Amino acid sequence: MLIKSDYLVIGTGVAGLSLALKAARWGTVNVICKRLIDDTNTNLAQGGIAAVLGEDDQAEFHIRDTLESGVGLCHPETVKAVVESGPAMVRELVDMGVPFTASVEHPDRPELGREGGHSHRRVIHAKDMTGQALQKTLIEKARAEANIKIYEKFQALDILVGGENGRRTAEGAYVLDIEREKVLTFGAKVLVLATGGSGKVYLYTTNPDGASGDGLAMGFRAGARAANMEFIQFHPTCLFHPEARNFLISEAVRGEGARLVDKSGVPFMKNYHPLGDLAFRDIVARAIDAEMKKSGDECVFLDITHRRPDFIRDRFPNIYRTCLALGIDITQEPIPVVPAAHYQCGGLKVDLDGRTDIGALYAVGEVAATGLHGANRLASNSLLEALVMADRAAAASRELLAARPDPARLSAAPAWPSGRLGHAPREAVVIAHSWDEIRRFMWNYVGIVRSDYRLKMAADRLALVKAEIEEFFEKHEVDADLIEVRNIAQVADIIIRSARRRHESRGLNYNLDWPERDDRNFRQDTVLSGG
Ligand code: SIN
């Protein structure tokens, strides 16, 4: 069965939905998501959107902070384009009705928060639930748009690639209708990957369960290049509690004066960087890792008890309530925290309009490597990037609607061939075990601190597990877990191979065998060819 539209957008975070809303002005849009529409990383984003809105701020300051954070690998033209579009993107959101927190002194202006690496206050936010506010507004708009059709629990498993004018061109995707256990073909003139990141490649992450790098894995398998995937950002402060899974303690808490302390209450960040608790994220995460290794403790603590309780409750209602429910009153006691995988700074290599190497295939949001983040993303630059790149990709892809043939011709596309070797008995334990194994060795060997030996151990183990998963995939009908574990293995492979190529330490890639930065040989993107 063929389901066709002008656009097929995979993913419903800020990148996918904002692109869908813009594209719906000139085309029909099918939007698919493998879980529920709001089960996205966007929905969990606490901090906010970095944009130059403060009276004392300027685009050149934001550009400078972003370049500094990216340690020589940002693409300056991308940084400039994204930063300069920031205020207009925020105005669009305000017009849509996103309820940003207003300044107390100037209620007609937004309150601007501060986060690590930012020289000025420039993070527009909705208390500590910015992503949720943004997601809710975008969902309401998308549901009200006649040209958009949303399919929940529809999981893309591979891209359908054909040839056009001598070039490999995306024609749609094979999609599992999870509830009906059936693989369908979605055809489109423009295919957009907005699938987010891949935090679930690691044992500990701030990401939701669905963050399995699907778009990156599918795009790479289809032949698109991946860039800079060694740069995985570990957020310094994920709540450490046995009952809390992936709950973030926003960097904005440090922006409002919280300090990282050891179990005796002694602050330690000044020992690592002059900016102390507001140093760049790679530095803070490595400092915490070093403190934990030195002391043998399971976590460090974040202390904001010197601020007034009513301020804390009002500014961070979500964090306050969540911690209190777990028995931690953050107005009275420090919060136990650990670093956790948070954001992939690399992804599918795209141009400034979101085009990948494959015709008619776009990638926006965390799945894409635009050159904005370089070796370390500046906090709150990612929602901004998603908005700007969705806007640019929607506009750039419009010309394809007239230029490309109707996707109806795909009705001759072959049916999904999985399971062609027979229906071997399903053993869910195989998938669960592979998943667990990958996430564990990625955490231990390809985490905050790496070495050549650890990377080799990870590569050797992954080769075995990946081959087993591929064999399993060939012999069984697909289901949601199998699709995800296959993608996890693919993304882990890209991360390990990228990290093994970079014989230096820079930003988020810290290798004990190559502790220095080497601009002569490595001030360049790490690019892997897909296929
Ligand atoms: C946070 O609130 O600390 C996360 C913000 C981000 O990752 O950009």
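Below, the structure is looked at part by part. A quick note: this is a predicted structure, and the numbers were derived from the prediction, not measured. (Residues numbered from 1 in each chain as written. Predicted model: local features only at pLDDT ≥ 70, side-chain atom pairs only at ≥ 80, totals over all residues. Heavy atoms only, no water.)

1. Details of the pairing of strand S11 (residues 232-239)
Put simply, the rule is: When accessible area is computed with a 1.4 Å probe and restricted to protein chains, residues below 20% of their type maximum are described as buried, those above 50% as exposed, and intermediate ones as partly exposed. The numbering of helices and of strands both runs from the N terminus, where a helix is a DSSP run of H or I of at least 4 residues and a strand a run of E of at least 2. At least two bridges found by DSSP between two strands is the condition for calling them paired.
When you tally the buried positions in S11, you get 8 out of 8 residues, the bulk of the element. Of the pairings in the sheet, the one linking S11 to strand S14 (residues 335-344) comprises 6 bridges and is antiparallel in character. In the sheet register, Gln233 faces S14, and the bridge partner there is Tyr343.

2. A short note on the packing of helix H4 (residues 76-96) against helix H11 (residues 381-403)
The condition that has to hold: To obtain each axis, a line is fitted to C-alpha atoms, and for helices this fit is confined to the stretch in contact; angles are then taken between N-to-C directions over 0 to 180 degrees. An angle below 35 degrees is treated as roughly parallel, one above 145 as roughly antiparallel, one from 65 to 115 as roughly perpendicular, and anything else as oblique. Two residues form a contact once any of their heavy atoms are found within 4.5 Å. Lys, Arg, Asp and Glu make up the charged group, whereas Ala, Val, Leu, Ile, Met, Phe, Trp, Tyr, Cys and Pro make up the nonpolar group; the residues left over, Gly among them, are polar.
Across the interface, H4 lies against H11 with an axial gap of 9 Å and an inter-helix angle of 90°. Classified by the angle their axes make, H4 and H11 are roughly perpendicular. On H11, the residues touching Ala81, Val82, Ser85, Gly86, Met89, Glu92 and Leu93 of H4 are Leu384, Glu385, Leu387, Val388, Asp391 and Arg392. Its residues placed into classes, the contact of H4 with H11 shows 7 nonpolar, 2 polar and 4 charged.

3. Things to note about the pairing of strand S9 (residues 182-193)
On a regular strand, one side chain projects to one face of the sheet and the next to the other, so that they alternate. A large share of S9 lies buried, amounting to 10 of its 12 residues. Sheet topology places strand S8 (residues 167-177) next to S9; 6 bridges connect them, and they run antiparallel. Bridge assignment links Asp177 to a residue of S9, and that residue is Lys182. In sequence, S8 turns back onto S9 through a hairpin of 4 residues, with Glu181 there showing a positive phi of about 50°.

4. Quick notes on the side chain of Asp158
Condition: We call two N or O atoms a polar contact when they sit within 3.5 Å, provided that within protein one can donate a hydrogen and the other can accept it, with sequence-adjacent residues counted only if both atoms are side-chain atoms.
Among the structural elements, Asp158 can be located in strand S7 (residues 154-164). Polar side-chain contacts of Asp158 include one of 3.1 Å to the side chain of Arg486. Not counting residues up to four positions away in its chain, the partners in contact with Asp158 are Ala173, Tyr174, Met218, Arg221, Trp416 and Arg486.

5. Details of the nonpolar core
Let me state the cut-off plainly: Put simply, buried Ala, Val, Leu, Ile, Met, Phe, Trp, Tyr and Cys residues joined by side-chain atoms within 4.5 Å make one nonpolar core.
Among the nonpolar cores identified, the biggest contains 71 residues, and Ile438 and Met442 are the most heavily contacted of them. A per-element tally of this core places helix H14 (residues 480-501) first, with 11 residues. Those residues in contact with Met442, other than ones at most four positions away along the chain, are Val201, Tyr202, Gly447, Ala492, Ile495 and Ile496. Residues Cys74, Ile148, Ala393 and Ala396 belong to the second largest nonpolar core, which totals 56 residues.

6. Observations concerning the site of the ligand
Note the following rule: Nearness is defined per residue: one heavy atom within 4 Å of the molecule or strand is enough. Every accessible area reported is derived by Shrake-Rupley at a probe size of 1.4 Å, with residue values counting cover from the shown protein chains alone.
The ligand sits among Gln46, Gly47, Glu115, His235, Leu248, Ser250, Glu251, Arg281, His342, Arg377, Ala379 and Ser380. Between the ligand and the protein, one listed contact pairs an oxygen atom with a backbone N or O atom of Gly47 at 2.9 Å. A distance of 2.7 Å separates an oxygen atom of the ligand from a polar side-chain atom of Arg377. In isolation the ligand exposes 260 Å². Once the protein is present, 94% of that is buried.

7. Considerations on the sheet that holds strand S5 (residues 123-124)
Sheets are built from strands paired through backbone hydrogen bonds, the pairs being either parallel or antiparallel. Spatially, 3 strands are ordered S3-S5-S4 in an open sheet, and the strand pairing comes out antiparallel. The strands lining the two open edges of the sheet, one partner per strand, are strand S3 (49-50) and strand S4 (112-113). For S3 and S5, the ladder comprises 2 bridges, and the chain directions are antiparallel. Bridge pairing in S5 links Ala50 to Val123.

8. A short note on the environment of Val388
The residue Val388 is located in helix H11 in this model. Taking relative accessible area as the criterion, Val388 reaches 1% and is therefore assigned buried. It is 9.5 Å that separates the C-alpha atoms of Val388 and Ser18, two residues lying 370 residues apart in sequence. Excluding residues that lie within four positions of it along the chain, Val388 makes contacts with Ala81, Val82, Ser85 and Met89.

9. A closer look at the packing of aromatic side chains
Put simply, the rule is: Here the aromatic set is Phe, Tyr and Trp, taking the six-membered ring for Trp, and pairing holds for ring centres within 6.5 Å; pairs whose planes are under 30 degrees apart are stacked, those over 60 apart are edge-to-face, and all others are tilted. In this scheme, the term charge over a ring applies when either NZ of a lysine or CZ of an arginine sits within 6 Å of the ring centre and within 35 degrees of the ring normal.
With the rule as written, the count across this model stands at 7 aromatic pairs. With centroids separated by 5.0 Å and ring planes inclined at 85°, the aromatic side chains of Tyr204 and Trp443 adopt a geometry described as edge-to-face. With Tyr204 in the loop between S9 and helix H6 (214-221) and Trp443 in helix H12 (residues 428-445), this residue pair connects regions lying 239 residues apart in the sequence. Take Tyr204: its relative accessible area is 44%, and that puts it in the partly exposed class. Sitting above the plane of the Phe311 ring, Arg307 keeps its charged end 4.0 Å from the centroid. Its end group placed over the ring of Phe473, Arg486 keeps NZ or CZ at 3.8 Å from the ring centre.

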